[in-house]
Every structure is written in C-alpha cells, then in structure tokens.
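So the chains spell out like this:
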Amino acid sequence: MFPETTISYFLGCKLCGILAMLMVYFCSGIPTAETLLHQKRLTAEESSAYNALANITYIDPISQRLESRPASDIGKFGLHSRIGIAGGKLLHLRRRNSVMDYHGCSTDVDRSRIPQGEPWIALVRRGRCRFRVKVRNAVTVLGASGVVVYNNINERDLVLMTHSVPGAVSIFIDKLDGEFLASLVDNGVHVTMTIYPPPRHLSQPHSIQHNFKSNKRLVPEIVELQKSSALSTAVNVALVVTCTIYVTIAVLFH
C-alpha cells in the first residue's frame, strides 16, 4: 500500500522517537556535576570552611533604637563565591508589577529603590530559577555588591549554592533569618548588612573552590562528579548522532 521508501522513513522516525526517549531517560538519570555538588552533604569540619559572617544594623521600627546584630555565622558562601567582604544597604528585590515575587529571576524590578553611587546587598528568595540566574541578575545586571539568598523551606542544612558569576559574593541563609530581614526591609526599615568570611579567610581572596583543592579526600569526589557530567553529555551526543544517521540512511537508500 505504501512505497518502501515511505515505510523505511516512517520506521526511521519511529526509532528516532525511541532514541529521543532514551536520551531523556539517560540525561535525567545522570545528574550534572553542578547538581551533585548542590546535593552534597558535608561533614561539620568541611562545612565550617564555607561559613559566612554578617553584621546587621537597623533602626527598630517600634522602639526607634539603633539595633546591631553582632557578627555571627549567618550562612554559607556559595561554591563559586568570592571569599571577601561585601556590604551596603539591604534591598529585598521584588519583580515590578508583582506583589509576592521576590525570587530575583528577573531584572524587571523597581530600580528607583536601588542606591545610586553606593554599595547595596540584594536579598532574594530561593526558587523558580537557578542560583546562577539570581546572582547574575543582581550583581552583573543590577550592580549589587553581594547577594543573599534565603531558603523557602524549613530545613536544618544550608544549601551550598553553585553559580558561574566570577567575583560575586553570595551567601545562603535559612528561611527564618531571611524572612526576618525581608519583613524589616518590606516595612521601610533601613537595614545595613556587611558580609565577610571568618578571619582565617580574609587573607585569601579566592573562590571557595580553593578549599576543595586543598582537601585530599574531596578531590576524588570532584573528579567523579566531573566524569558523571561528561558521561551525561556523551550519551546525549551519541544518541542524537545515531538517530540522525539512521534516518538519513532510511531516506537515501530505501
């Protein structure tokens, strides 16, 4: 009923669909190195290397007294964060024409609130987009001197953020601390925040990745994560190439 070429072409497309589904299965089953690092659980000793200190100052809206929260381990530096000092007025970034979107996934914000000619810190909520998007939007596009991402769920362990924005200071804090700071800023309280690493890191203005290189136990794990990421990419490419070759042969030679 149908020409042989048409049947071969149909079978080729069908196989192409099967290969596409296999590609999705393999690629979703093999997480990238970034995802694996994001999910990594650190020991107490390793985790302490990522500690971020912060000093917070504001005028209490009720007592009108100057309140200063002393330096404390408020959060964790991200994997690619610059270990250094960043400070300024704290801004809770809200998407324009949106009441509850504080995720920092868009640069369409009310820029009139951003201080001109002085440093400021972006406060954004976890979720809706990757950490690298939040950090890039705040630092590269909007000009923040640092980024604070607060959790959107109650959990004990703080997330080790990953992003690809060189030189950016970024930290992750828990939900309770983040919502406290957000409530102050949203109610018009002028909050000043200074982020800095523990004193032992102040003389080392490098990325936190340096800590991996100096930890012999972690080096093999990083290599395995990179291999998993490379394997995922190789499977993807191999399946696409196979699908293309099969369909081409079916069309040209049948």
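Residues numbered from 1 in each chain as written. Predicted model: local features only at pLDDT ≥ 70, side-chain atom pairs only at ≥ 80, totals over all residues. Heavy atoms only, no water.

1. Overview of the side chain of Asp177
Point 1. Here Asp177 shows up in helix 5 (residues 175–186).
Point 2. Excluding residues within four positions of it along the chain, Asp177 makes contact with Arg69 and Ile74. (Helix = DSSP H or I, 4+ residues; strand = E, 2+ residues; numbered from the N terminus. Contact = heavy atoms within 4.5 Å.)

2. A closer look at unusual backbone geometry
Backbone geometry follows two general trends: most residues other than glycine have a negative phi, and most peptide bonds adopt the trans configuration.
Point 1. Even without being glycine, Asn97 reaches a positive phi, approximately 65°.
Point 2. Tracing the backbone through its elements, the reader meets Asn97 in the loop between strand 3 (86–92) and strand 4 (120–125).
Point 3. In this structure Asn97 comes out as exposed when scored by relative accessible area, which is 78%.
Point 4. One non-glycine residue, Arg128, lies in the positive phi region at around 75°.
Point 5. Along the polypeptide, Arg128 turns up in the loop between strand 4 and helix 4 (131–141). (Buried < 20%, exposed > 50% of the residue type's maximum accessible area, 1.4 Å probe, protein only.)

3. Concerning the pattern of salt bridges
Point 1. Taken as a whole, this structure holds six salt bridges when the rule is applied.
Point 2. For the salt bridge of Asp108 with Arg96, the shortest nitrogen-to-oxygen distance reads 2.7 Å. Remark: Arg96 occurs in the loop between strand 3 and strand 4 and Asp108 occurs in the loop between strand 3 and strand 4; sequence separation between them is twelve residues.
Point 3. The class for Arg96 is partly exposed, based on a relative accessible area of 47%.
Point 4. Linking Arg125 and Glu179 is a salt bridge whose minimum nitrogen-to-oxygen distance equals 3.8 Å. Of the two residues, Arg125 sits in strand 4 while Glu179 sits in helix 5, which places them 54 residues apart along the sequence.
Point 5. Judged by relative accessible area, Arg125 falls into the partly exposed class, the value being 22%.
Point 6. Overlapping salt bridges, with partners in common, bring together Arg125, Lys175 and Glu179 in one network. (Salt bridge = Lys/Arg side-chain N within 4 Å of Asp/Glu carboxyl O.)

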